[in-house]
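Spelled out from the first residue to the last, the chains are:
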Amino acid sequence: MMMIPRKNNFDLFDDMFRDPFFSGMENKVMKTDIKEKKDKYIIDMDLPGYEKEDIKIEIQDGYLTVHASINKNSDKEEDDGKYVRKERYVGECSRSFYVGENVKEEDIKAKFKNGTLKLEIQKKEEKKEIPEKRYIAIE
């Protein structure tokens, strides 16, 4: 089993030539560290500004996907004024990792504390099925 990160909407040129002063997209969201231990992988993912309820984790076809969304009403004018500039992230993001076909949801533990999501994924051996021998009768 190997851990392969996958970004949604990956654009090589956009990532290479992004100017942080002029970009409306935040490229610092979902910073991730992956540590391998003898029996498990540990993923630490930064999700500042999100609550536990904003985060969904799913596993499908061997991919573990973390999806986070935050939707605060940013266009609402308040009594104390309106925003002239707003840089804090509002929206949604997701990140996927290939963990293998044998990993099930019961093999994954998730904790969220102080803006960091911690996932522990038990290592599973890839079961290589030995083809069943079939004999043909000779007449």
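The structure this text deals with has already been given above.
Calculation rules
- Residues numbered from 1 in each chain as written.
- Predicted model: local features only at pLDDT ≥ 70, side-chain atom pairs only at ≥ 80, totals over all residues.
- Heavy atoms only, no water.
- Helix = DSSP H or I, 4+ residues; strand = E, 2+ residues; numbered from the N terminus.
- Buried < 20%, exposed > 50% of the residue type's maximum accessible area, 1.4 Å probe, protein only.
- Polar contact = N/O pair within 3.5 Å; in protein donor to acceptor, adjacent residues only side chain to side chain.
- Salt bridge = Lys/Arg side-chain N within 4 Å of Asp/Glu carboxyl O.

Draft legend 1. Structural view of the side chain of serine 96. Checked against the element boundaries, serine 96 lands in strand S6 (residues 91–98). Given the relative accessible area of 2%, serine 96 is considered buried. Here the side chain of serine 96 touches threonine 65 through a polar contact of 2.8 Å, side chain to side chain.

Draft legend 2. Focus on the pattern of salt bridges. One pass over the structure, following the stated rule, counts three salt bridges. Linking glutamate 36 and lysine 123 is a salt bridge whose minimum nitrogen-to-oxygen distance equals 2.6 Å. Of the two residues, glutamate 36 is situated in strand S2 (residues 32–36) and lysine 123 in the segment after strand S8 (116–122); the sequence distance between them amounts to 87 residues. Classification of glutamate 36 by relative accessible area gives exposed; the value is 55%. Between lysine 40 and glutamate 120 there is a salt bridge, and its shortest N-O distance comes to 3.3 Å. Separated by 80 residues along the polypeptide, lysine 40 in strand S3 (residues 40–46) and glutamate 120 in strand S8 bring together distant segments of the chain. Comparing lysine 40 with glutamate 120, the two get one shared label, buried.

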